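If you want the building blocks of each chain, they are given just below.
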Amino acid sequence: MSYVCHQCKHPLQLDASLEDLSPSAYDMIASSLPSAQSVQSRNTLRSEKLAQLPSPTSVKTAWQRSARSDPFSPSPLSSRPPAKAIHGQPTPILPYESFVLLQDSSYGGLPSPGSSSSSPNKYAASTKSRRNNQPARPPSPPEASQPNPSPLSHHLRSTSRLFNLLSSRTDLDHPLCAECTDNLLGELTRQLEETKKTRDGYIAFEKEVRKEKERERDGPSKGEVDIKIEKLKEEEHIAVEQLKAAEKEHAQLQEELHALELEEKALEEEEAEFWRAHNAHLLRSAEQEAQLASLRAAYAADSTTLEQLERTNVYNDAFCIGHDGVFGTINGLRLGRVPSVPVEWAEINAAWGQTLLLLYTIARKLDYTFEGYRLIPMGSFSRIERTTAADKATYELYGSGDLHLGRLLHNRRFDFAMVAFLDCLKQLVDYVKSQDPHLEFPHQIIKDKIGEASVKLQFSQEEVWTRALRHVLLALKILLKWTTSGSNG
């Protein structure tokens, strides 16, 4: 015979300890189980509570159906037989209905059931002697026609009786597999924890109720309670008055807050306007600072340019006076000639034109007018005119190397022009000395000579003439430096 779990319906393999279950073990299991009356009363109490609930019949039927399908409720598929009731009470299975199975060596010498009628009594007496404080098993009727029960059927009946006992005393059908048993233990453990929490809640509530009863028992008298009530009423009246005062003050504060909010809004608008004006002022200030920086930079650049221009002497650039050997030069043009270096007359005439232009420029810068002469600078064909009423003439300040009769007349006019030039130079030197007595000239001018050298070319040596012209350029250079240095005021 095979057993299946009454929950999951899986086949079971019974433990070997259930095969040789002794009566003492059976009694121990039976005594540890709750009585069948408590199980029946619990089921009856549950049914009565369900009947007392003010719920529809359909709801109660559905609840009963779900209770039957509960995995931890007694299964309707239980194989246990219904217990027989005597006078309304279920008949318990007595532990002495079991017996001890003896080996062949033990019961081989026992008499047969039909040999003697006193043998059952002897067997019961011997069993009673082996059991202490247990009632003797009543004699069973002789069964001469039945053979001795086999050990396998005895084990099956013993195991089935044990499972029926467990099923009748608990809410679940037995047997159960190990997995369903673990689930059952887990659920029971959870229910135990919830029951403990409920118990602790009831205990705490009971303590509070007892404390409340003690406080009521030890509380004040009625008079004291009335006095306390009157005092509380007075305190309530004072608190109400304070509340009214606080509400009035709250209303005043609300009005003040509203006025302050309006003032704050006006101040915020004024502040916004101020910041707008401030930002505009900052923008204008930044623009003005940028313009000022630009003007300062332009002023610095212009000042630098002015200083450079002030330090620049255009007259020195326009009239560069130097020397080349024995010749004095002006702008690179040699003025004079010697037999060893025959300078072309075109170069000499150009040099005389630059020299006359320099004298004319210095006189105009000093705002000086020559007496008796007017200078006409015309490059290589410059001239000098006499402006006196007695003698009006024009002298050409340029020479020629042609050999003809008119050359003598021309050279004579050329000499007159050079003497007139030297006279104009002497007038300007005297004027400058009158302005600055500390100014010194290295060569003195007397009539047609400067530094003991005549400026006349006719009937004179070319070396002397060239030296005189070099002295003329030196005097002009001193005049130009004094004129452009600012010493003249």
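Scroll up to find the structure.
The structure displayed is predicted, hence computed values, not measured ones.

**Quick word on the overall build of the chain**
Step number 1: Looking only at helices and strands, the chain has 12 helices and 13 strands in total.
Step number 2: Within the span of the chain, comprising 489 residues, buried residues form 24% of the whole.
Step number 3: Sequence separation of 24 or more characterises 60% of the internal contacts of the chain that already satisfy a separation of 6 or more.
Step number 4: For the chain, the accessible area works out to roughly 34,200 Å², and carbon and sulfur atoms hold 56% of it.

**Quick notes on the sheet that holds strand β9 (residues 383–386)**
Step number 1: On the basis of which strands lie adjacent, the open sheet formed by 3 strands has the order β8-β9-β10 and antiparallel pairing. This sheet does not close on itself; its edge strands, each paired only once, are β8 (373–376) and β10 (394–396). Direction aside, neighbouring strands of the sheet carry axes that sit 20° apart on average.
Step number 2: Looking at chain direction, β9 and β10 are connected through 3 bridges and run antiparallel. Residue pairing across strands places Ile-384 opposite Tyr-395, the latter belonging to β10.

**Considering the sheet that holds strand β12 (residues 449–450)**
Hydrogen bonding along the main chain pairs the strands of a sheet, whether they run parallel or antiparallel.
Step number 1: Taken in spatial order, the 3 strands make up an open sheet running β11-β12-β13, and their pairing is antiparallel. Two strands lie at the open edges of the sheet, namely β11 (445–446) and β13 (453–454), each paired on one side alone.
Step number 2: Note that β12 and β13 share 2 bridges and pair antiparallel. By the bridge assignment, Lys-449 is partnered in β13 with Ser-454.

**Points about the nonpolar core**
Grouped burial of nonpolar side chains is what soluble globular proteins tend to show.
Step number 1: Trp-352, Leu-359, Phe-421, Leu-425, Trp-465 and Leu-476 are the most contacted members of the largest nonpolar core, which has 53 residues in total.
Step number 2: Mapped onto this core, the elements with two or more residues apiece are β6 (327–330), α10 (345–365), β8, α11 (405–435) and α12 (462–484).
Step number 3: With residues near it in sequence (within four places) discarded, Trp-465 still touches Gly-336, Arg-337, Trp-345, Ile-348, Trp-352, Phe-414, Met-418, Ser-454, Val-455, Lys-456 and Leu-457.

**Some remarks on the packing of aromatic side chains**
Two aromatic rings are characterised by how far apart their centres lie and by the angle between their planes.
Step number 1: Scanning all chains against the criterion turns up 8 aromatic pairs.
Step number 2: Centroid distance Phe-274 to Trp-275: 5.3 Å. Interplanar angle 65°. Geometry classified as edge-to-face.
Step number 3: A relative accessible area of 49% means that Phe-274 is categorised as partly exposed.
Step number 4: Centroid distance Phe-381 to Tyr-398: 5.2 Å. Interplanar angle 75°. Geometry classified as edge-to-face. Remark: Tyr-398 occurs in the loop between β10 and α11 and Phe-381 occurs in the loop between β8 and β9; sequence separation between them is 17 residues.

**A word on a negative patch on the surface**
Step number 1: Negative charge collects at one region of the surface, where Glu-261, Glu-264, Glu-268, Glu-269 and Glu-271 lie side by side.
Step number 2: Residue Glu-261 is classed as partly exposed on the basis of its relative accessible area of 43%.

**Points about unusual backbone geometry**
Step number 1: At Asn-331, a position not held by glycine, the phi torsion is positive, near 55°.
Step number 2: In this model, Asp-367 sits at a positive phi of 55°, which is unusual for a non-glycine residue.
Step number 3: Its place among the elements puts Asp-367 in the loop between α10 and β8.

**Some points on the environment of Ile-446**
Step number 1: Position of Ile-446 among the secondary structure elements: in strand β11.
Step number 2: Here the alpha-carbon distance between Ile-446 and Leu-422, two residues 24 residues apart in the chain, equals 9.0 Å.

**Considering the pattern of salt bridges**
Step number 1: Per the counting criterion, the structure on display carries 10 salt bridges.
Step number 2: Residue Arg-210 pairs with Glu-206 through a salt bridge whose shortest N-O separation is 2.5 Å. With a gap of 4 residues between them, Arg-210 and Glu-206 both fall in helix α7 (residues 178–217), about one helical turn apart.
Step number 3: Using a relative accessible area of 37% as the deciding quantity, one classes Glu-206 as partly exposed.
Step number 4: Salt-bridge contacts for Glu-273 lead to Arg-276; the nearest nitrogen and oxygen are separated by 2.5 Å. Taken as a pair, Glu-273 and Arg-276 lie in helix α8 (residues 222–311) at a separation of 3 residues, close to a single helical turn.

Calculation notes
- Residues numbered from 1 in each chain as written.
- Predicted model: local features only at pLDDT ≥ 70, side-chain atom pairs only at ≥ 80, totals over all residues.
- Heavy atoms only, no water.
- Helix = DSSP H or I, 4+ residues; strand = E, 2+ residues; numbered from the N terminus.
- Buried < 20%, exposed > 50% of the residue type's maximum accessible area, 1.4 Å probe, protein only.
- Contact = heavy atoms within 4.5 Å.
- Areas by Shrake-Rupley, 256 points an atom, 1.4 Å probe, with all protein chains shown as cover.
- Pairing = 2+ DSSP bridges.
- Axes fitted to C-alpha atoms, helices over the stretch in contact; angles between N-to-C directions.
- Core = buried A, V, L, I, M, F, W, Y, C linked by side-chain atoms within 4.5 Å.
- Phe/Tyr/Trp six-rings, centres within 6.5 Å; stacked < 30°, edge-to-face > 60°.
- Patch = residues over 30% accessible without salt bridge, like charges linked within 9 Å, V, L, I, M, F, W, Y side chains within 5 Å.
- Salt bridge = Lys/Arg side-chain N within 4 Å of Asp/Glu carboxyl O.
- Lys, Arg positive; Asp, Glu negative; His and termini not counted.
- Charge placed at Lys NZ, Arg CZ, Asp CG, Glu CD.

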